[in-house]
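Understanding the architecture of this molecule
One letter stands for each residue in the lines below.
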Amino acid sequence: MKRIPLIGSVALVSGLLLIMANYPVAQKSPAQEDTSSSQASQTTAHDTLHFLQIAAKSLVYFPKMERALAASYPESSTGDRVFQDAAITLLGVGPLRIGMTLEEATNALGIPLVPLGSNLGGECAYYQPDTNNQTLGLMVVDGFVIRVDVWPGSTLPTLSGAKIGSTETEIMEMYPGQIEATPNPYTKGNFLTLMPSDPQLSLYRLVFETNEKGSVVQYRTGQFPAVTWPDGCI
């Protein structure tokens, strides 16, 4: 939403006031103009000065008014800011961690989590963070977030730089000796599963889905075995 600068608006109003101050209200005869010209000039000058003084005094309040307007119309939502510099890891994304309850995840992100689908009463359901710039799905099982899906349209990278659009070759180079490739019947590409070398992360996986051209079309992180389910909650 664009706004006209306040100072520019005041200049416009001041100009209109000056025109009004100098515009004759009624026509006068030559004799009347001769006898009243001096007095009219003094009145016009006085009124003009008065209007300018009013405009000048109001300038003091413009910074406060501009700050108030900026607060009323923020440039970006909280949802967009929380993922601005975030990266996908084996443990979550941004302030969200795999294993959090739905309430803890909502509080950590500071934005609503919108339910997806109709299986909200079952043991497995998806929720989506209320953000404009990222397309993410949180798999919630028995009230706990156990997986984060990065869907087409998202620009979020992993901590190593992998993202939607990366090639299989790039994935292999980013995670040398850690990728297990299996055929993906849905995309005619592959599932590229990151097997962490750290024993403390043995319960977690990163799974990239590629198409027949070898490009990542979506990926996910989370706990094994749920992170390997190709159909999500189905």
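Here, the structure is the one placed above.
Calculation criteria
- Residues numbered from 1 in each chain as written.
- Predicted model: local features only at pLDDT ≥ 70, side-chain atom pairs only at ≥ 80, totals over all residues.
- Heavy atoms only, no water.
- Helix = DSSP H or I, 4+ residues; strand = E, 2+ residues; numbered from the N terminus.
- Buried < 20%, exposed > 50% of the residue type's maximum accessible area, 1.4 Å probe, protein only.
- Contact = heavy atoms within 4.5 Å.
- Areas by Shrake-Rupley, 256 points an atom, 1.4 Å probe, with all protein chains shown as cover.
- Disulfide = S-S within 2.5 Å.
- Pairing = 2+ DSSP bridges.
- Axes fitted to C-alpha atoms, helices over the stretch in contact; angles between N-to-C directions.
- Polar contact = N/O pair within 3.5 Å; in protein donor to acceptor, adjacent residues only side chain to side chain.
- Salt bridge = Lys/Arg side-chain N within 4 Å of Asp/Glu carboxyl O.
- Phe/Tyr/Trp six-rings, centres within 6.5 Å; stacked < 30°, edge-to-face > 60°.

Some thoughts on the overall build of the protein
Counting its regular elements, the protein contains six helices and 11 strands. By residue count, 33% of the 234 residues in the protein fall in the buried class. The contacts in the protein between residues at least 6 apart in sequence include a share of 46% that link residues at least 24 apart. Taken as a whole, the protein presents about 14,200 Å² of accessible surface, with 59% of it coming from carbon and sulfur.

Comments concerning the side chain of Thr 193
Here Thr 193 is to be found in strand 9 (residues 188-194). Apart from residues lying up to four places away in sequence, Thr 193 is in contact with Gln 178, Ile 179, Glu 180, Arg 205, Leu 206 and Val 207.

Focus on the state of the cysteines
Evaluation of the coordinates by the stated rule reveals one disulfide. One disulfide in the model links Cys 124 with Cys 233; its S-S distance is 2.0 Å. The sign of the -70 degrees torsion about the S-S bond sets the Cys 124-Cys 233 disulfide as left-handed. Here Cys 124 is found in strand 5 (residues 124-129), whereas its partner Cys 233 is found in the segment after strand 11 (216-223), with 109 residues between them in sequence. Since its relative accessible area comes to 7%, Cys 124 is described here as buried.

Some details on the sheet that holds strand 6 (residues 136-141)
As summarised here, the arrangement of the eight strands in space is 4-5-6-7-11-10-9-8, forming an open sheet in which the pairing is antiparallel. The open sheet has two edge strands, strand 4 (113-116) and strand 8 (179-184), and neither has a second partner. Across the sheet, the mean angle from the axis of one strand to that of its neighbour is 25 degrees, orientation sign disregarded. In this structure, strand 10 (residues 204-211) lies alongside strand 11, joined through seven bridges in antiparallel fashion. Residue pairing for strand 11: Tyr 204 is matched across the bridge by Gln 223. With respect to the sheet, helix 5 (residues 102-109) is in contact with strand 4, strand 5, strand 6 and strand 7 (144-150), its orientation differing from that of strand 4 by roughly 135 degrees.

A few points about the side chain of Thr 210
Checked against the element boundaries, Thr 210 lands in strand 10. A polar atom in the side chain of Thr 210 sits 2.7 Å from the side chain of Glu 168. Engagement of the side chain of Thr 210 in a polar contact is seen with the backbone nitrogen of Asn 190, the distance being 2.8 Å. Look past the residues within four positions of Thr 210 in its chain and what remains in contact with it is Glu 168, Asn 184, Thr 187, Gly 189, Asn 190, Leu 192, Ser 215, Val 216 and Val 217.

Observations regarding the pattern of salt bridges
Inspection of the entire model under this criterion finds two salt bridges. Note that Arg 147 and Asp 149 form a salt bridge whose closest N and O atoms lie 2.8 Å from each other. With relative accessibility at 1%, the residue Arg 147 sits in the buried group. Across the salt bridge formed by Glu 209 and Arg 220, the nearest N and O atoms sit 2.5 Å from each other. Highlighted residues: Glu 209 in strand 10 and Arg 220 in strand 11, separated in sequence by 11 residues. Residue classification places Arg 220 among the buried residues on the basis of a relative accessible area of 2%.

Digging into unusual backbone geometry
What you tend to see is this: most non-glycine residues have negative phi, and most peptide bonds are trans. Each neighbour pair has its own omega, and for Phe 224 with Pro 225 the value is 10 degrees, a cis peptide bond. One can find Pro 225 in the segment after strand 11. Even without being glycine, Asp 142 reaches a positive phi, approximately 55 degrees. Structurally, the position occupied by Asp 142 is in the loop between strand 6 and strand 7.

Notes on the packing of aromatic side chains
Considering all chains together, one arrives at three aromatic pairs under this definition. Ring geometry for Tyr 175 versus Phe 208: centroids 6.1 Å apart, planes at 35 degrees, classification tilted. With Tyr 175 in the loop between helix 6 (168-174) and strand 8 and Phe 208 in strand 10, this residue pair connects regions lying 33 residues apart in the sequence. Judged on exposure class, the residue Tyr 175 and its partner Phe 208 are both buried.

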